[in-house]
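Next come the chains, spelled out residue by residue.
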Amino acid sequence: METEYGLFVGGKWTTPAHAGRFQTTNPATRETVASFVSATADEVARATSEAAKAFSAWRDTPAPKRGEILLNAASIMKRRKAELGRIVTREMGKVIAEGLGDVQESIDFIEYMAGEGRRLFGETVPSELRSKFCLTVRQPKGVVACITPWNFPTAIPNWKIAAALITGNTIVFKPASNTAQCAAEVVKVYEEAGVPPGVLNLVTGSGAVVGHALVSDPRVRTVSFTGGVEAGRDVYVRGAAGLKMVHLELGGKNPVILMEDADLKLALDGVLFGAFGTAGQRCTATSRLIVHEKVYDAFLGMLTERLGSFTVGDPLDPATGMGPVASADQERKILDYIALGRKEAKLRLGGEKLTGGAYDRGYFLAPTIFETPHGTRISKEEIFGPVLSVLKVRDYDEAVRVANDIDYGLSSSIYTRDVNRAFRAIHDLEAGITYVNAPTIGAEVQLPFGGVKNTGNGGREAGSAAIEEFSEIKTVFVDFSSRLQKAQIDAESVA
Ligand code: UN1
């Protein structure tokens, strides 16, 4: 019997009468993983009401106390790490080391946010008047909506939930449908940790019903969304009608620049991990390799040779290099791009669906490399799969021009031993994140995460930026002079 989950509303797991249901599927085997409620707009409204009701008590709970609950959540997650890692791998398909890494990223961020309970810093600023004190304090926003993708099915929800909780907000959480079990288990962790009823609510179902209902509800003041550009634009436009703060983390087409003086062995490990880790399904995945012509042939030779012994298969087997892609939709979309690439570029490696034996049960694709001039669609559009475009350039300036001539700007990387060139790249690359001598993936949670251009709308997640995302600043003036002092008018001249 498959596991059945309800909605989590007002502190209770509930299954509405006559609820429609949907299932999640293991992409390695196409077996059903678990079943979930397709929530209606009414159920979303009920979850939002519960979040609104719970707000005042949660807001008044001292932030260090909220932090203690987060620390409980982190320790529960540590206790359950092996089990949760397997759930991630079974439902999403990333290899088990990465499934465990997804959970570890959750733990890291929850612990970091728990500490914020004793910070949540404001500023004190001098007044232009005597006997007057000026400061800022942070206040929660109210009810926030967290809408999350399937590729980091525990980590990204936790980036949002832990930050929203520590700052005193209450939450309606809508996860991607194909990783709903990961989401439900994350919610169970917070339930066990002692998050009060109504503070965190889970509604499962489609973006068209659940997402729209949430984004349109006037009680939801902030929407934090991670996903694709088109869905993000839609959320932004709908949220704008309600003058909401909409935080977007969208796509990427992340370049690694490989200069002629790079440590090629080091770069080889980095490019393999960046391009084919998580089967290329990270927003930060390395999808373009921009190589100096002097090392182009040598490096491409090394890359194809190493991929010859790269294993694609059962993601629960620790020896596997790459698991399946996450769903039938993903597989179709990636295969369409591969077909396009075969027309507009030169296929160097892979380029097919893997078949035979256990492959026939799941969504397994070969790691794929295209050699392409700059400007092709496969080298400019986000594919979100194990497909790497390799581009040859003459020098650093051309490399940067190619790297930047793109609609996205999340992550970027340069491999070089020249320190001056490394710092120039940090200055020149149009991206929210630049790595030197490391792949484009693997950001750490205590630093801000996000990007420029179509990657978002200017905000950052994680790090201290997470506090900005989920809190309002209140500016406070305390006048202890016992008389009316007029700013701009009464200020004494020093002359
Ligand atoms: C994402 O794919 O949206 O930096 C998140 C990384 C991970 C997070 C990726 N820590 O690759």
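Sequence order as written defines residue numbering, which begins from 1 separately in each chain. In keeping with the predicted nature of the model, local features appear solely for residues at pLDDT of at least 70, side-chain atom pairs appear and are counted solely at 80 or more, and the whole-chain, interface and lining totals rest on all residues. Water and hydrogen atoms play no part in the side-chain values, which are based on all heavy atoms of the structure.

Help me out: how do you make sense of unusual backbone geometry in this one?
Comment: phi is negative for the bulk of residues other than glycine, and the bulk of peptide bonds are trans. Positive phi, normally seen in glycine, also occurs at Arg30, with a value near 60 degrees. Structurally, Arg30 can be placed in the loop between β4 (20–25) and β5 (32–38). Phi is positive for Phe384, which is not a glycine, with a value near 60 degrees. Mapped onto the elements, Phe384 comes out in the loop between β16 (368–371) and β17 (387–393). Numbering of helices and strands starts at the N terminus; helices are DSSP runs of H or I of at least 4 residues and strands are runs of E of at least 2.

Hey, could you run me through the site of the ligand in this one?
Contacts to the ligand come from Glu105, Asn151, Phe152, Ile156, Arg282, Cys283, Thr284, Ile441, Gly442, Ala443 and Phe449. Within the contact set of the ligand, a nitrogen atom lies 3.0 Å away from a side-chain nitrogen or oxygen of Glu105. Think of a polar contact as two N or O atoms within 3.5 Å of one another; within protein, one of them needs to be a possible hydrogen donor and the other a possible acceptor, and neighboring residues in sequence only count if both atoms come from side chains. Taking Asn151, its side chain carries an N or O atom lying 3.1 Å from an oxygen atom of the ligand. In the complex, the protein chains occlude 99% of the 320 Å² of accessible area that the ligand would expose alone. Residues were grouped as follows: Ala, Val, Leu, Ile, Met, Phe, Trp, Tyr, Cys and Pro as nonpolar; Asp, Glu, Lys and Arg as charged; and all remaining residues, including Gly, as polar. Of the residues assigned to the shell around the ligand, the class counts are 6 nonpolar, 3 polar and 2 charged. Lining the shell around the ligand are residues from two domains, each supplying at least three of them: domain 1 (3–250 + 456–476) and domain 2 (254–436). Being near a molecule or strand, for a residue, means having at least one of its heavy atoms within 4 Å of it. In this description, accessible areas are obtained by the Shrake-Rupley approach with a 1.4 Å probe, and a residue is regarded as covered only by the protein chains that are shown. Segmentation of the chain into domains, including their bounds, is taken from an automatic or database domain assignment.

What is the right way to read the nonpolar core from this model?
The tendency in soluble globular proteins is for nonpolar side chains to be buried as a group. The nonpolar core is taken to be a set of buried Ala, Val, Leu, Ile, Met, Phe, Trp, Tyr and Cys residues, with the residues joined through side-chain atoms within 4.5 Å. Whether a residue is buried, partly exposed or exposed follows from its accessible area with a 1.4 Å probe, protein chains only, as a fraction of its type maximum: under 20%, in between, or over 50%, in that order. In terms of nonpolar packing, the biggest core is built from 67 residues, with Leu70, Phe109, Met113, Leu165, Ile171, Phe173 and Tyr190 touching the most fellow members. Of the domains in this structure, domain 1 (3–250 + 456–476) and domain 2 (254–436) are the two that each give at least three residues to this core. Filtering out sequence-adjacent residues up to four positions away, Tyr190 remains in contact with Leu70, Ala73, Ile110, Asn158, Ile161, Ala162, Leu165, Val195 and Leu200. Counting 41 residues, the second-largest nonpolar core is a separate cluster that includes Leu258, Ile334, Leu340 and Tyr363. For this analysis, residues touch if any pair of their heavy atoms sits within 4.5 Å.

Before we go on, may I ask you to explain the pairing of strand β14 (residues 286–292) in this structure?
For a regular strand, side-chain orientation follows a simple rule: the groups alternate between the two sheet faces. Extensive coverage of β14 is indicated by the burial of 7 of its 7 residues. Pairing of strand β13 (residues 254–258) with β14 involves 5 bridges; the strand directions are parallel. From the neighbouring strand, Ile257 faces β14, where its bridge partner is Ile290. Any two strands with at least two DSSP bridges between them are considered paired. Here 5 bridges tie β14 to β17, and the two strands are oriented parallel to one another. Pairing of Leu289 across the sheet is with Val390, part of β17.

Help me out: how do you make sense of the packing of aromatic side chains in this one?
Aromatic ring pairs are reported here in terms of the distance separating the ring centres and the angle at which the planes meet. Working definition: rings of Phe, Tyr and Trp (its six-membered ring) pair if their centres are within 6.5 Å, and the pair is stacked with planes under 30 degrees apart, edge-to-face with planes over 60 apart, and tilted otherwise. Tallied over the full model, the rule gives 8 aromatic pairs. Taking 5.1 Å as the distance between ring centres and 5 degrees as the angle between the ring planes, the aromatic pair formed by Tyr5 and Phe36 counts as stacked. On the criterion of sequence distance, the pair formed by Tyr5 in the loop between β1 (3–4) and β2 (7–9) and Phe36 in strand β5 is long-range, its members being 31 residues apart. Side by side, Tyr5 and Phe36 carry an identical accessibility label, which is buried. Judged by centre distance (5.6 Å) and plane angle (80 degrees), the rings of Trp150 and Phe384 are edge-to-face. Of the two residues, Trp150 is situated in the loop between β8 (143–147) and α5 (155–166) and Phe384 in the loop between β16 and β17; the sequence distance between them amounts to 234 residues. By relative accessible area, Trp150 is classed as buried at 15%. Geometrically, a charge over a ring is one whose NZ (Lys) or CZ (Arg) sits within 6 Å of the ring centre while staying within 35 degrees of the ring normal. The lysine or arginine in question, Lys94, covers the ring of Phe152, its NZ or CZ lying 3.6 Å from the ring centre. The ring of Trp13 carries the charged tip of Lys188 above its face, separated from the ring centre by 5.5 Å.

Help me out: how do you make sense of the side chain of Glu461 in this one?
Of note, Glu461 is situated in the loop between β21 (452–453) and α14 (465–470). Take Glu461: its relative accessible area is 1%, and that puts it in the buried class. At a separation of 2.8 Å, a polar atom in the side chain of Glu461 contacts the side chain of Lys160. The residues contacting Glu461, other than those within four sequence positions of it, are Trp159, Lys160, Ser224, Thr226, His247, Glu249, Leu447, Pro448, Phe449, Ala466 and Glu469.

What's the story with the pairing of strand β12 (residues 245–249) in this structure? I'm lost.
The element β12 is extensively covered by neighbouring structure, given that 4 of its 5 residues are classed as buried. Here 5 bridges tie strand β11 (residues 220–226) to β12, and the two strands are oriented parallel to one another. Each bridged residue has a counterpart across the sheet, and for Ser224 the counterpart in β12 is His247. Taking the sense of rotation as the criterion, the β-α-β connection linking β11, helix α8 (residues 229–241) and β12 turns out right-handed. A crossover gets the label right-handed when its path from the first strand over the helix to the second runs clockwise, viewed with the strands pointing away from the viewer.

Could you clarify how one ought to interpret the environment of Leu391 in this entry?
Of note, Leu391 is situated in strand β17. Among the residues examined, Leu391 registers a relative accessible area of 2% and is labelled buried. For the pair Leu391 and His374, spaced 17 residues apart in sequence, the C-alpha to C-alpha distance is 6.5 Å. The residues touching Leu391, leaving out its near neighbours within four places in the chain, are Arg288, Leu289, Ile290, Val291, Tyr296, Thr372, Pro373, His374, Ser379 and Val402.

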